[in-house]
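Observations on chain architecture
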Amino acid sequence: MRAVPVVIGVRTSSAAPVAATKAATGPLVDTHGRVHRDLRISLTDRCSLRCTYCMPEQGNEWLARTSILSTDEIVEVAEVAASLGIRTFRLTGGEPLLRADIVEVVRRIARIEGAEGPVEVAMTTNGISLAAKLPQLIDAGLTRLNISIDTINRQRFADLTRRDRLDDVFEGIAAAAASELRPLKLNAVAMRGVNDDELVDLVSFAMDVGAELRFIEQMPLDAGHTWDRATMVTREEILAKLGERWQLEPVPGRGGAPAEKWRLDGGPHEVGVIASVTAPFCGACDRLRLTADGQLRNCLFSMAEYDLTALLRGGGSVPGQRAGDIAALLRSCVLGKLPGHAIDDPSFLQPARGMNAIGG
Ligand code: SAM
Ligand code: SF4
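I will try to describe carefully the structure that is included in this document.

The rules behind each value
- Residues numbered from 1 in each chain as written.
- Chains lettered and ligands numbered in written order.
- Predicted model: local features only at pLDDT ≥ 70, side-chain atom pairs only at ≥ 80, totals over all residues.
- Heavy atoms only, no water.
- Phe/Tyr/Trp six-rings, centres within 6.5 Å; stacked < 30°, edge-to-face > 60°.
- Helix = DSSP H or I, 4+ residues; strand = E, 2+ residues; numbered from the N terminus.
- Buried < 20%, exposed > 50% of the residue type's maximum accessible area, 1.4 Å probe, protein only.
- Pairing = 2+ DSSP bridges.
- Right-handed = clockwise from strand over helix to strand, strands pointing away.
- Salt bridge = Lys/Arg side-chain N within 4 Å of Asp/Glu carboxyl O.
- Near = heavy atom within 4 Å.
- Polar contact = N/O pair within 3.5 Å; in protein donor to acceptor, adjacent residues only side chain to side chain.
- Areas by Shrake-Rupley, 256 points an atom, 1.4 Å probe, with all protein chains shown as cover.
- Nonpolar A, V, L, I, M, F, W, Y, C, P; charged D, E, K, R; others polar.
- Core = buried A, V, L, I, M, F, W, Y, C linked by side-chain atoms within 4.5 Å.
- Contact = heavy atoms within 4.5 Å.
- Expected span 1.5 Å × (residues − 1).

Here the focus is the packing of aromatic side chains. One pass over the structure, following the stated rule, counts one aromatic pair. Their ring planes at 45 degrees and their centres at 5.5 Å tell us that Phe 170 and Phe 205 sit as a pair that is tilted. One end of the pair, Phe 170, is in helix α5 (residues 166-178); the other, Phe 205, is in helix α6 (residues 199-208), and 35 residues separate them in sequence. Accessibility expressed as a relative area gives 27% for Phe 170, which makes it partly exposed.

Structural data, given as structure tokens:
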């Protein structure tokens with residue numbers, strides 16, 4: 001079932017609406033001058049784990065299978081997005097590796113020639129079943145991988161993800177470490193009383209496998225709406241804990257990257273922190289999102305969605321005009337982007353969709 005009101009080119013916020021027909025040439029620039037280069041495509045809302053900060057154990061309202069975009073539909077949107085300057089397509093979910101035709105999706109997107117040359121195909125995954133699929137994914141054109149691992153303790157992993165599958169994740173990480181994909185990034189959400197005593201161990205683990213650990217501040221995106229600002233582990237706390245073990249030196253040149261980076265003991269190892277709550281990077285955000293059921297979003301925390309499915313399936317577009325209509329909707333979505341998400345503001349409202357249904 002759809003979780004929020006769906007609109008075609010009209011914002012649900014109080015700001016002035018933007019017409020979907022407001023198409024123009026050139027890159028996807030919003031009203032704050034941010035040029036959009038990154039499209040995150042959620043391939044499914046389903047997952048092999050049930051991380052407490054992302055999904056409830058039971059009672060998920062899954063997207064109807066018929067509403068999930070086909071590979072042809074995803075590629076059609078990706079081609080238009082690439083023609084408007086999108087350079088990186090990050091495949092996510094839910095768990096993207098659950099998609100039966102994942103190799104085909106990677107292959108077809110990797111073939112797209114963007115406005116400024118070949119595009120990059122990246123993936124964020126929980127690592128389960130990665131070992132078996134990685135050679136085919138690399139052959140298909142996958143260029144970058146982020147693997148999520150919040151703990152290296154088996155019992156904790158089972159409690160946190162409600163599935164006893166840490167060995168499968170280790171296997172996926174080992175396969176990625178042995179591959180040519182670099183940089184290899186490991187993501188960990190820092191959580192009080194869950195893994196905040198393990199931050200140094202997680203960084204050491206990443207170093208041992210030749211990866212870079214990036215800690216993520218927990219965001220209010222859990223489907224159970226249990227997030228609590230008062231108990232979340234902040235960037236400052238993460239840095240303080242790491243600072244007890246290593247000398248931390250800020251790495252300059254962050255650009256539009258969500259993670260701030262620190263060099264450990266003079267290098268070469270580095271650690272990243274994505275402080276979406278206490279130090280948001282909205283001012284440099286260059287991302288758009290496409291949900292598995294064909295809704296464009298300009299922010300994780302957006303209350304509005306821009307309905308591509310109506311164009312792709314509903315006769316909302318006439319033959320010969322579809323690419324132009326998709327482009328106009330992408331542009332409209334970008335123009336509707338607010339300057340920031342305001343999680344720390346008392347008036348903040350959590351979007352109805354959980355992280356697994358938006359695409360992290
Ligand atoms: N299943 C894949 C995975 O876990 O890597 C891809 C989808 S997951 C939604 C993408 C990323 O979002 C993961 O690194 C996960 O830890 C992160 N994430 C999920 N819920 C979050 C939350 N409430 N706050 C911060 N990060 C979250
Ligand atoms: Fe699944 Fe990723 Fe959400 Fe964990 S964070 S439940 S692995 S989608």
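Here the narrative resumes, following the displayed structure.
To continue, consider the pairing of strand β11 (residues 212-217). In terms of residue burial, β11 counts as a mostly covered element, since six of its six residues are buried. For strand β10 (residues 184-190) and β11, the ladder comprises six bridges, and the chain directions are parallel. The residue bridging Asn 187 from the neighbouring strand is Arg 214, located in β11. With respect to chirality, the unit in which β10 leads through α6 into the neighbouring parallel β11 is right-handed.

What follows covers the pattern of salt bridges. Inspection of every chain in the model, using the stated rule, returns 27 salt bridges. Here Glu 73 and Arg 313 are joined by a salt bridge, their closest N and O atoms 2.8 Å apart. Of this pair, Glu 73 sits in helix α1 (residues 71-83) while Arg 313 sits in the loop between α8 (308-312) and α9 (322-335), and the two are 240 residues apart along the sequence. Owing to a relative accessible area of 12%, Glu 73 belongs among the buried residues under this scheme. As a salt-bridge pair, Arg 144 and Glu 120 come within 2.8 Å of each other at their nearest N and O atoms. Remark: Glu 120 occurs in strand β8 (residues 120-125) and Arg 144 occurs in strand β9 (residues 142-148); sequence separation between them is 24 residues.

The full set close to ligand 1 counts 18 residues, and Tyr 53, Gly 94, Glu 95, Ser 148 and Met 219 are the nearest of them. A distance of 3.2 Å separates an oxygen atom of ligand 1 from a polar backbone atom of Thr 125. Side-chain polar atom of Asn 187 to an oxygen atom of ligand 1: 3.3 Å apart, as the coordinates give it. Relative to its free-state accessible area of 540 Å², ligand 1 is covered by the protein chains to the extent of 95%. Looking at the shell around ligand 1 residue by residue, the class counts come to six nonpolar, ten polar and two charged.

Okay, the nonpolar core next. In this structure, Phe 89, Leu 91, Ile 109, Leu 145 and Phe 215 are the most contacted members of the largest nonpolar core, which totals 103 residues. It is α1 that contributes the most residues to this core, seven residues altogether. With sequence-adjacent residues up to four places away left out, Leu 91 is seen in contact with Ile 41, Leu 43, Pro 96, Ile 102, Val 105, Val 106, Ile 109, Val 121, Ala 122, Met 123 and Thr 124.

Right, let's talk about the site of ligand 2 for a bit. Ligand 2 sits among Cys 47, Leu 49, Cys 51, Tyr 53, Cys 54, Met 55, Gly 94 and Asn 126. In terms of residue class, the shell around ligand 2 is made up of six nonpolar, two polar and no charged.

One turn of the α-helix equals 3.6 residues, which is why residues spaced by three or four share an orientation. Across its 14 residues, α9 extends 20 Å between first and last C-alpha, which sits within 8% of the 20 Å expected from 1.5 Å per residue. Among the 14 residues in α9, ten count as buried, and that is most of the element.

Next up on the list: the environment of Arg 322. Mapped onto the elements, Arg 322 comes out in helix α9. Residues Arg 322 and Glu 76, 246 residues apart in the sequence, show an inter-C-alpha distance of 9.4 Å. Each residue touching Arg 322, except ones within four places of it in the same chain, is listed here: Glu 76, Leu 311, Leu 312 and Ser 317. Within the structure, the side chain of Arg 322 is placed 2.6 Å from the side chain of Glu 76, a separation counted as a polar contact.

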